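Results of the structural survey
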Amino acid sequence: LTIPSKEVEGGVANPVYFRGKDLKAEWDRQYPNEAFPTLKVRELNEMFLAMIHPGGKDESVRNMVFVPIAESVEKAKSCGRSYKLGEMILTK
């Protein structure tokens, strides 16, 4: 399963969903006549470590993008903060 992305080399990203129903909805949209495949689950912290490891060789995380839950996007937009959606705010 892939989704278009302007931020990933080649313009195609491998989405990471936080809810199974969001993944299934996208699968059904892209492949309406095919059976839903068996899911592969990976620890989120393991994925983060592979993504930030300098000189990392784990190609499976190269084009991954996180797909936020729709309700989270709506809440983030309504809170009125000036940071971008998905931007991490670090404080002491």
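The structure we're discussing is the one just above.
Now for a look at the structure at hand. (Residues numbered from 1 in each chain as written. Predicted model: local features only at pLDDT ≥ 70, side-chain atom pairs only at ≥ 80, totals over all residues. Heavy atoms only, no water.)

What about the pairing of strand β2 (residues 12–17)?
Applied cut-off: For two strands to count as paired, DSSP must find a minimum of two bridges between them. For helices the rule is a DSSP run of H or I covering at least 4 residues; for strands it is a run of E covering at least 2, with both sets numbered from the N terminus onward.
Sheet topology note: the strand β1 (residues 3–4)/β2 ladder contains two bridges and is antiparallel. Note that in β2 the partner of I3 across the bridge is A13. Where β2 and strand β3 (residues 64–67) come together, four bridges link them in parallel fashion. By the bridge assignment for β3, P15 is matched with V65.

Concerning the pattern of salt bridges
Stated precisely, the cut-off is as follows: The working definition used for a salt bridge is a side-chain nitrogen of Lys or Arg within 4 Å of a carboxyl oxygen of Asp or Glu. Throughout this description, buried means an accessible area under 20% of the type-specific maximum (1.4 Å probe, protein chains only), exposed means over 50%, and partly exposed covers the range between.
Counted by the stated rule, this structure contains seven salt bridges. Two residues, R19 and D22, come together in a salt bridge whose shortest N-O distance is 3.1 Å. R19 sits in the partly exposed class, given a relative accessible area of 24%. In this structure, D28 engages K24 in a salt bridge whose closest nitrogen and oxygen atoms are separated by 3.0 Å. Taken together, the residues D28 and K24, both in helix α1 (residues 20–30) and four residues apart, mark about one turn of the helix. In the salt-bridge network here, residues are joined through shared partners; they are R19, D22 and E71.

Considering a nonpolar patch on the surface
Stated precisely, the cut-off is as follows: Only residues whose relative accessible area exceeds 30% and that take part in no salt bridge are eligible for patches, with like-charged residues grouped when within 9 Å of each other and nonpolar side chains (Val, Leu, Ile, Met, Phe, Trp, Tyr) grouped when within 5 Å. In this description, accessible areas are obtained by the Shrake-Rupley approach with a 1.4 Å probe, and a residue is regarded as covered only by the protein chains that are shown.
Residues F18, L44 and F48 make up a contiguous nonpolar surface patch of about 280 Å² in total accessible area. The residue L44 is located in helix α2 (residues 44–52) in this model. Judged by its relative accessible area of 35%, L44 falls in the partly exposed class.

Some thoughts on the sheet that holds β1
Ordered by their spatial adjacency, three strands build an open sheet running β1-β2-β3, and the pairing between neighbours is mixed. The outermost strands of the open sheet, each flanked by one partner alone, are β1 and β3.

Remarks on the side chain of E26
Note that E26 resides in helix α1. In this structure E26 comes out as buried when scored by relative accessible area, which is 14%.

Section: the packing of aromatic side chains
Short version of the rule: Side-chain rings of Phe, Tyr and Trp, where Trp is taken by its six-membered ring, are said to pair if the distance between their centres is within 6.5 Å; with planes under 30 degrees apart they count as stacked, over 60 as edge-to-face, and otherwise as tilted. Geometrically, a charge over a ring is one whose NZ (Lys) or CZ (Arg) sits within 6 Å of the ring centre while staying within 35 degrees of the ring normal.
For the coordinates displayed, the defined rule picks out four aromatic pairs. Geometrically, the ring pair formed by F18 and F66 is stacked, given 5.9 Å between the ring centres and 25° between the ring planes. Remark: F66 occurs in strand β3 and F18 occurs in the loop between β2 and α1; sequence separation between them is 48 residues. Residue F66 is classed as partly exposed on the basis of its relative accessible area of 30%. Ring plane angle 85° and centroid distance 6.3 Å describe the contact between W27 and F36, whose orientation is recorded as edge-to-face. A residue is classified by how much of its surface remains accessible, and W27, at 12% relative accessible area, is buried. By the ring-pair criterion, three or more aromatic residues cluster together here, those being F18, F48 and F66. Looking at K24, its charged tip hangs above the ring of F36, at a distance of 5.6 Å from the centre.

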